[in-house]
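Observations on the model geometry
The lines below spell out each chain.
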Amino acid sequence: MTDEIKQDGKTVLRSEDGFSIPMFFNNLCGKNFSGNKYRNYIKHIALGEMGFKPGEITLYRNGVQVRTGKINIEK
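An account of the accompanying structure is given in this report. (Residues numbered from 1 in each chain as written. Predicted model: local features only at pLDDT ≥ 70, side-chain atom pairs only at ≥ 80, totals over all residues. Heavy atoms only, no water.)

Let's shift gears to the sheet that holds strand β2 (residues 10–15). Read from one edge to the other, the open sheet built from four strands follows the order β2-β1-β3-β4, with strand pairing classed as antiparallel. Where the open sheet ends on each side, the last strands, each with one partner, are β2 and β4 (64–71). In this sheet, neighbouring strand axes are inclined to one another by 25 degrees on average, regardless of whether the strands run parallel or antiparallel. Alignment of strand β1 (residues 3–7) against strand β3 (residues 55–61), held across four bridges, turns out to be antiparallel. Opposite Glu4, over in β3, you have Tyr60 as the bridge partner. (Pairing = 2+ DSSP bridges. Helix = DSSP H or I, 4+ residues; strand = E, 2+ residues; numbered from the N terminus. Axes fitted to C-alpha atoms, helices over the stretch in contact; angles between N-to-C directions.)

Any functional reading would require information beyond the geometric quantities listed.
Okay, structure coming up:
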């Protein structure tokens, strides 16, 4: 099983472990935390280290889109 998070049609994160990519997706969409923790995560990790930018992201499993979300720096 291959999970991917894509932005603008390009794969930014990919894994075959079955759990880390959905967790990252939830982090990026603000489902696992909010407020200052979310803003700091987005600023320092997602934008600074992972290569994401604010806007829409998609989660794929085995090449099939299963969810969409948004990286929101205003959250």
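Still more ground to cover, so stick around.
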